[in-house]
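A look at the structure
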Amino acid sequence: MTSSEAVQTAPVLSPAVIEFGPFRYDRARREISDGQGRLRLGSRALHILDVLLEEPGRLYSREELVTRVWPQTVVEETSLRVHVSALRKVLGDGQGGVRYIANVPGRGYAFVGELRADPSPGGDALAPPPADALPASLSRPIGREQVIAQIGELLACERLVSIVGAGGMGKTTVALAVTAGLRATYAHGACLVDLSRLSDPALVAGELGQALGLIVPRDNPLAMLEAALRDKQMLFFIDNCEHVVDAVASLVDRLMRTCPGLAFLATSREPLEIEAEWVFKLPPLSLPDVEDTLDAQDLLAYPAIQLFVERARAISATFELTDAHAPAVRQLCGFLDGIPLAIELAAARVDSLGVQGLLHRLENAFELLTRGRRTALSRHRTLQAVMDWSYDLLSDSERLVLQRLSVFRGAFDLDGAVTVASDGALTQQRIVEDVLALCAKSLVVPDAADDERPLHRLLYITRLYAEKQLANSADAAAVHRRHATFILEGLQRARQAGAGMSRYHWSPALGSSIADVRAAIDWALAGENDVELGVQLTALAKRLYADVGRAEEYLQLNALAMARAEAVAAESDRDRLELPLRMAAVFMTGHAVDGRELCRPLFTRMRELLDRLGTKEDRIEALYSMSTTAFGHGDYRLSLALCEEIRTLADGDYAPLSIAISDRVAALNLHALGRNDAAETLARRVLAFNGVRIGRQFLSVVPFGVSMRVLLARLQWVRGDFEQAWQMLTEALEGSMNAHVFALCQTLGTAAVPMAFWRGDVAQASQWARDLWEVAERQSLPYWRAFALVFMRVLAGDAIKPGDEAAIAVAQCAQLGDVVATMRPVGPPPDTRLRVEAGEVGWCAPEVLRLLALEADCDATDMAMTRLEAALKLAEEQGARFWMLRIALSMANIAPGTAAPALATVRRLLSCLDDGSAIPELAAARALLKDRA
């Protein structure tokens, strides 16, 4: 029960006279007697007995007894012990093995004697439950309408439904709502049996009888219950079953067989596991999908966010969910896995810490989230108490397994669980059984299956708790080492797993989620627990970090690994450890926005290491990394030269790499340099080459079919083959939808947005730019975020001023500057201009030269015409008729009096390019020729 489930408890129905052993207690007179007459006992001791007899079997804490017996007096705990001792002495407690009052050290007292009902007429009769037998809910169940309806429908058909879920999930709130909605459909109503305070499983039947107003004999309780309930039609809501689950299962199974009119709704952290049970696993409150882009108002449609906001407002009336802190609230509720109790406890701290403060301190959740309601059960007032309750119910081996699983930050399968939890003392079968038991007890939850292999994970709060238990154990270091080794082996298998060139393949079931890799590296390197293991992990993790767009983070880890290796490794081992790290660093600099300056020194050092230590495969991989990095930073000539080196090495078993790497990357470079015919030849050869599996280290996250179609689409457009270009772009977009997110980013950023702009469809270009922005923001991809930012500025007609964010992005990313130069009517970016003049980029060079010609002094028409003629010649050499048309139009307009040659060029180009579309250059050419006719 969470604090949102605070209820107003109905008074316990206890008989006026209770008999136990030789004693008879009259509650009205507060007198106790035996066969010899009235016994002498002080009023305080009698009051203690009266309280304990209200709910026999329930454990009353010392604090509660003191509050009840001395309500307005401050007394020492010794006073309670003195009066309990006096009560025990009068009852002869403990003599001859007879026990009436049990003391649980450190917790409290309970009456454990066998009761007999008052033998007066009608004493055993079962009265219908009073109208208020169900406690009144004081808060509404947020976001649970659908599950309440589903459970109600189940109970309409089935006699036993168990609501199962982790602590704090809101099981009692849901069950109360279901019971309240259904009790009118049962002739004898509904009855709540709350087992939360019960300490002895043997008293479960008596607790159910007491809920009905019965006192059942301890030696044969079922006989009386069956006799009383055989002809009844009732719904029993049995709450908090997990600590006495076996006794509840036995009782319910027996009553269902002998009392056909009874139905049961149970709440527990694990199922009863008896015949005819229907288990309903209560899910967390729903949260928005991580990929959804939502504002504050949109977020309020999700129950987890609703609950946080409602409880925050209850604490601080001025709290409002604004767009400024909505992302933090969303992230906070996501970390807390939508668990109602955790969300409520977090919201209770908003007034003192604020949302950002809560989020930053979440790793200290057990110290932070302690502000539960005073009326809640003690085990639901803090997260620590919730987890203590569940943890105390586990077996020794289940506790060990839970502790060890806490090293996983993401999902894991049973193989991973066995590998990490195994230490010789626990057998594989024992671990598997314990993992499944922890799943049944809602401490391990199912995660999305991968390749039909079921995956599991720990909820964030569960993991934090188990992690603390592990940290205090003697085997923490060994468990972390097994985890780091397991992740390393997963990365090695992923590297060795080949895949076809048509699509990129990677499976999280290999045990290498980014969170787990990060944790393993942190343990090995940051803690200096095993530097060599950390270096291996870091080197192999490059592809995974590239896949998720965390280039900058990876380069920091790589630098740390390099420093650690240099500090601790023997001189003879340093180069061996450094080589894979340098190779990884080279690869990743191509994915970093500001990695251009790092390239040359890295390339030089890596070649030195390869000459001494590298295998042929190392050399090919290193050259591949250097070529893609050089291409990413706009150094197309260097990248092309590296592709030629790869071609000379790629023979024998490595022959497929000549096409998979060299041809593919060379095609991109040739187009970038303006050598379109050669680029097309290689691109089509790559598209036709498939079916051969190659190592993951040589794969691109963008399927080759997508990257080559993106290249061909842009190439065909600048040639003037507009319809074919748009069809090729459409195919690239379709192919990117089911591929890695980078495939969509590359398609949008390097082809779709500029081509839509060239087509004159600014609305479509703007939409695709926004799509790119949303993807880059959602996935934290700074490289593609820069593209989207600049595109949105250009398409909106905003100036890009020196020093602002857009200008810095263009300066840092050569490819972005090249594209932007073709989308603005003003001069090209300074870096692009310099690169064109130096021959470092060719595909956009004719358009850049056109813009530079138009920037010339208005009186220098001859100079401008000379530059335009040079641009036209270059465009013609490239077969770039789209640029030729732009240049010819400028020539016709810049010198109208001598425009005959330019008009002839426009006419010639229009005759072969005009497809009747509204492309701005075609429309301008038509208008010009019509005007000059």
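Residues numbered from 1 in each chain as written. Predicted model: local features only at pLDDT ≥ 70, side-chain atom pairs only at ≥ 80, totals over all residues. Heavy atoms only, no water.

A closer look at the packing of aromatic side chains
We count it as follows: Stacked, edge-to-face and tilted are the three classes for Phe, Tyr and Trp ring pairs, Trp counted by its six-membered ring, which pair at centre distances within 6.5 Å; planes under 30 degrees apart are stacked, over 60 edge-to-face, the rest tilted. Runs of E in the DSSP output that reach at least two residues are strands. Runs of H or I that reach at least four are helices, and both are numbered from the N terminus. When a residue's accessible area, from a 1.4 Å probe over protein chains only, is under 20% of the maximum for its type it is buried; when over 50% it is exposed; and in between it is partly exposed.
Here the structure, examined in full by the defined rule, presents 28 aromatic pairs. Ring geometry for Trp 784 and Phe 787: centres 4.8 Å apart, planes at 50°, overall tilted. Of this pair, Trp 784 and Phe 787 both sit in helix H35 (residues 782-795), 3 residues apart, roughly one helical turn. Using a relative accessible area of 10% as the deciding quantity, one classes Trp 784 as buried.

Digging into the environment of Ile 339
Quick note on the threshold: The contact criterion used throughout is that any non-hydrogen atoms of two residues lie within 4.5 Å.
Relative to the helices and strands, Ile 339 is located in the loop between helix H11 (326-335) and helix H12 (340-347). For Ile 339, a relative accessible area of 7% gives the class buried. A sequence separation of 35 residues divides Ile 339 from Ala 304, and the C-alpha atoms of the two residues are 7.9 Å apart. In contact with Ile 339, not counting residues within four places along its chain, are Gly 167, Gly 168, Met 169, Pro 284 and Leu 459.

Overview of the confidence of the model for the protein chain
Quick reminder of the rule: Values of pLDDT, which run from 0 to 100, indicate the predictor's confidence residue by residue.
This prediction gives the protein chain a mean pLDDT of 84; 88% of its residues lie at or above 70. Overall, residues 119-132 carries pLDDT values under 50, and its contacts beyond four positions in sequence, including any with other chains, amount to 17 contacts.

Considering the pairing of strand E14 (residues 262-268)
What counts, and what does not: Criterion used throughout: strands pair if DSSP finds at least two bridges between them. Seen with its strands pointing away from the viewer, a crossover is right-handed if its path from the first strand over the helix to the second goes clockwise.
The buried fraction of E14 is high, at 7 of 7 residues. The alternating pattern of E14 places Leu 262, Phe 264, Ala 266 and Ser 268 on one face and Ala 263, Leu 265 and Thr 267 on the opposite face, and all of these are buried. As defined by bridge partners, strand E11 (residues 160-164) adjoins E14 across 5 bridges and the pair is classed as parallel. Bridge pairing in E14 links Val 164 to Ser 268. Running through helix H8 (residues 245-258), the crossover from strand E13 (residues 234-239) to the neighbouring parallel element E14 is right-handed.

A word on the sheet that holds E13
Here is the rule we go by: Here, axes are lines fitted to C-alpha atoms. For helices the fit covers the stretch in contact, and angles between N-to-C directions go from 0 to 180 degrees.
Strands sit in the order E12-E13-E14-E11-E15 across an open sheet of 5 strands; the sheet is parallel. The strands lining the two open edges of the sheet, one partner per strand, are strand E12 (190-194) and strand E15 (277-281). The sheet shows a mean angle of 20° between the axes of neighbouring strands, taken without regard to direction. Direction of pairing for E13 relative to E14: parallel, over a ladder of 5 bridges. Of the residues in E14, the one forming a bridge with Phe 237 is Leu 265. Set on the sheet, helix H4 (residues 145-157) makes contact with E11, E13, E14 and E15; between it and E15 the angle comes to about 175°.

Some details on the sheet that holds strand E6 (residues 60-61)
Pairing in this open sheet of 3 strands is antiparallel, and the strands run E6-E8-E7 from one edge to the other. The sheet is open, and its two borders are formed by E6 and strand E7 (101-104), each paired with just one other strand. Note: E7 against strand E8 (residues 108-111), 4 bridges, orientation antiparallel. Bridging from a neighbouring strand, Val 104 pairs with Gly 108 of E8. Across the sheet, helix H3 (residues 77-91) touches E7 and E8, and the angle it forms with E7 is around 145°.

Let's talk about the environment of Ala 324
Summarising the element assignment, Ala 324 is placed in the loop between helix H10 (303-315) and H11. With a relative accessible area of 70%, Ala 324 lands in the exposed category. In this structure, the C-alpha to C-alpha distance between Ala 324 and Ala 296, residues 28 residues apart in sequence, is 8.5 Å.

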